[in-house]
Every structure is written in C-alpha cells, then in structure tokens.
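# Remarks on the overall topology
Listed below are the residues making up each chain.
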Amino acid sequence: MNDKNLPSFLVIGATKAGTTWLYQRLLTHTELWLPPVKELHYFDVLYPRPEFNKNNQTDFKKNIFNKIRRNLKKHIVSKENLDRDYIMYLMEIIREPIFSLEWYISCFSNDHAKSKICGEVTPSYATLPSDGILYLKKILPNVKIIYLVRDPVERAASHVKMIADMMTKNNKQADLMSLCDHPRVVASSNYKSIIPLWREYFDDKDFLIMPFEKIQSDPRGFLKSIKEFLVLDNDFDDLNLTKKANEGSHIDLPPGVMNKLESKFKSQRDYILQELGN
C-alpha cells in the first residue's frame, strides 16, 4: 500500500510508560505531524487479544468522540477566523464507520500533514498478536517503531491504580489484589514476549526501545535519541520538559499488592534490565 500521508512512525507503548509526555513533545516539533487524538486504536481493535474485553471498542470510540469534541470547542472558541477545512477534517474523524481502513487514512488527511513526517501514539499496540503486527506491517511497510518501557513492577502498579480509578469513577468496587492479574496489566508488562515478537518483523534500525526512567533523569537526551531515530533536522523544544503529562493517582497500593507485583514481574524486570544493558 502507498503509505503517503500515513504514519512513518508509531509509538506502541507501553501503557503507563510516558507515552502521553512523548505525544505532547512530538506535537510541538516543526517537522512532525500527529492526529489531534492520542490513541486511535485502529490496529488493536481489528486484532484484539482473546483475553481482552471486547467491549473496549465502545470505550475507545467514546474516547475518540470526546477528544474531537474538546478539540472542536477549543478551536471554535480560540479562533476569530475559523479554519473550515480543519473543522471538516475533525468531523471526518468521527464519521462512521470508525476503525475501517478508510477511517484510519482519513485521520491523516489534514493538509498540514502532507509536508511533514506523520506518526501516531497508541500504547496498546505493543500487545498486538502476531497477525495484528503482520497486518500493521502490510498497511505501513516502512514504519518505524518506538517502544517506551518502564520498570515492569512500577509500570504494573501504575496500571493497577489507573484501572482502579476508572472503576471508582464508574461506581464499581476495585479489588486491588485481583487487578494485579488483570489481562491488560499482565500483558503490558510482558516484555519477554513483546520485544522478541516485534523483532521478528522489525530490524533494530526500525525498532527503538527507550526507558521511561530516562524521561525523568535526562529528558533532553531522551528526545535527542528520538530525533536521531526519526532522522529529524531540528531539535525538540526545551520548554516544559519536566512537566508531568498526567496527574498521578491518589491511590496508595498496600504492601500485599506491591509484594504480589514484585513476585509476579521479577523475571520481567531481570529481562528488561539485561535488554537495556543496565
């Protein structure tokens, strides 16, 4: 397939590993263009893992609609001279059928994207099954992959808190011990399966693994690695590099939960430390 105006790079994860922070930085770079919606979920809706909740497609669609509405409102309120082409572009993103190939192409049909390097950020792509990665490779044959990883215990703990917060907002009781075994929590920290699988389809020159911890310790160095990987001419903006992208959860995980996560993901921690050479 002709990949003109389709992504040249994808940030595939991991969930709770700094992808929102990176998305916000990517949006500001003069050579890049990303859709106004983080997490399009195109590939993982078409190729869901069997253990995941299939009802998530409804939630993903609702999230896209809400983000487009906020973007429309912001554009209309802040602009004296409305950009009708941009408004039509936003309306096209929420036109059914969502998650078709035509819809995915339309997400990158904005005129401003034509002269720039396009990308998108969907953290759950990391857990795609092999047939999903094969399809992704077919649609985007020349795409580069950026994979952010985080200490698997800390990542899982943050993921548990996020799911618990979502359950609380929906007036559901969250069992923190049970959430340690949530399919998405387990799959997203399974680096021993994720990394070798993606390497079956992508060479090292097209597959970059970046540690979340470097965002905290050396954000400029982190973005320099992204710049070099994407072969960009200009540096990223230095503004707000230490600003958190998301407000952290106020939930404190009890020692029993943390002990369970430590035991559950110890081998994953050993694997990723060896992979990163630390």
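Before reading on, note that the structure itself is shown above.
Right, let's walk through the structure included here. Just so you know, these numbers come straight off a predicted model, no measurement behind them. Counting of residues starts from 1 at the beginning of each chain's written sequence and follows it residue by residue. Residues qualify for local features only when their pLDDT is at least 70, as the model is predicted, and side-chain atom pairs are given and counted only at 80 or more; totals for whole chains, interfaces and linings, by contrast, use all residues. As a rule here, side-chain values cover all heavy atoms of the structure and leave hydrogens and water aside.

## Observations concerning the pattern of salt bridges
Basic side-chain nitrogens of Lys or Arg form a salt bridge, by our definition, when they fall within 4 Å of a carboxyl oxygen of Asp or Glu. Within this structure, the stated rule accounts for 15 salt bridges. Across the pair Asp-238 and Arg-220 runs a salt bridge, and its minimum N-O distance is 3.3 Å. With Asp-238 in the loop between α12 (219-230) and α13 (255-276) and Arg-220 in helix α12, the pair connects residues that are 18 residues apart, well separated along the chain. A residue is classified by how much of its surface remains accessible, and Asp-238, at 43% relative accessible area, is partly exposed. Each residue gets one of three labels from its accessible area relative to the maximum for its type: buried under 20%, exposed over 50%, partly exposed in between, using a 1.4 Å probe on protein chains only. Using a relative accessible area of 51% as the deciding quantity, one classes Arg-220 as exposed. Between Arg-269 and Glu-262 there is a salt bridge whose closest N-O contact spans 2.9 Å. The structure contains a network of salt bridges with shared partners spanning Asp-151, Glu-262 and Arg-269. A run of H or I in DSSP counts as a helix once it spans at least four residues, and a run of E counts as a strand once it spans at least two, with each numbered from the N terminus.

## Remarks on helix α3 (residues 56-78)
Each residue after the first adds 1.5 Å to the expected span of a helix. A rise of 1.5 Å per residue sets the reference length of α3, with its 23 residues, at 33 Å; its end C-alpha atoms lie 33 Å apart and thus fit the reference within 8%. Those residues of α3 that fall on the buried side of the exposure criterion are Asn-56, Phe-60, Ile-64, Phe-65, Lys-67, Ile-68, Leu-72 and His-75. At its buried positions, α3 is contacted by α2 (42-46), α4 (84-93), α5 (101-106) and α9 (183-188). Contacts are residue-level and defined by heavy atoms, with any inter-residue pair within 4.5 Å sufficient.

## Regarding the environment of Leu-90
Within the secondary structure, Leu-90 is located in helix α4. Measuring from C-alpha to C-alpha, the distance between Leu-90 and Lys-116 comes to 19 Å, with 26 residues separating the pair along the chain. Contact partners of Leu-90, with chain neighbours within four places excluded, come to Pro-36, Ile-68, Asn-71 and Leu-72.

## Quick look at the side chain of Lys-144
Note on placement: Lys-144 falls in strand β4 (residues 144-149). We count Lys and Arg on the positive side and Asp and Glu on the negative side, and we leave His and both chain ends out. One buried charged residue, Lys-144, remains without a salt bridge, the closest side chain of opposite sign being Asp-206 at 4.8 Å. In the analysis that follows, any N or O atom pair within 3.5 Å is treated as a polar contact, provided that within protein one partner can donate a hydrogen and the other can accept it, and provided that, for residues neighboring in sequence, both atoms belong to side chains. A polar atom in the side chain of Lys-144 sits 2.6 Å from the backbone oxygen of Phe-229. Contact partners of Lys-144, with chain neighbours within four places excluded, come to Ser-8, Phe-9, Leu-10, Lys-205, Asp-206, Phe-229 and Val-231.

## So, the environment of Gln-268
Looking at where Gln-268 falls in the secondary structure, it is placed in helix α13. The class for Gln-268 is buried, based on a relative accessible area of 8%. Distance in space between the C-alpha atoms of Gln-268 and Asn-190 is 6.4 Å, their sequence separation being 78 residues. Residue contacts for Gln-268: discarding those within four places in its chain leaves Pro-152, Ser-189, Asn-190, Tyr-191 and Lys-192. A distance of 2.9 Å separates the side chain of Gln-268 from the backbone nitrogen of Lys-192, its partner in a polar contact.

## Focus: unusual backbone geometry
For the peptide bond that leads from Gly-13 to Ala-14, omega is 0°, which places it in the cis range. Among the structural elements, Ala-14 can be located in the loop between β1 (9-13) and α1 (19-28). In the segment running from Glu-96 into Pro-97, the intervening peptide bond is cis, with an omega of 0°. Tracing the backbone shows Pro-97 in the loop between α4 and α5. Even without being glycine, Glu-39 reaches a positive phi, approximately 75°. Topologically, Glu-39 is positioned in the loop between β2 (32-33) and α2. Phi at Phe-99 takes a positive value of approximately 75°, unusual for a residue other than glycine. Mapping Phe-99 onto the fold places it in the loop between α4 and α5.

## Side note on the sheet that holds β4
The strand order β2-β3-β1-β4-β5 describes an open sheet built from five strands, whose pairing is parallel. Two strands close off the open sheet at either side, each with one partner strand: β2 and β5 (207-211). Pairing of β1 with β4 involves four bridges; the strand directions are parallel. Paired with Gly-13 across the two strands is Tyr-147, which belongs to β4. Paired strands, in this sense, are two strands between which DSSP finds at least two bridges.

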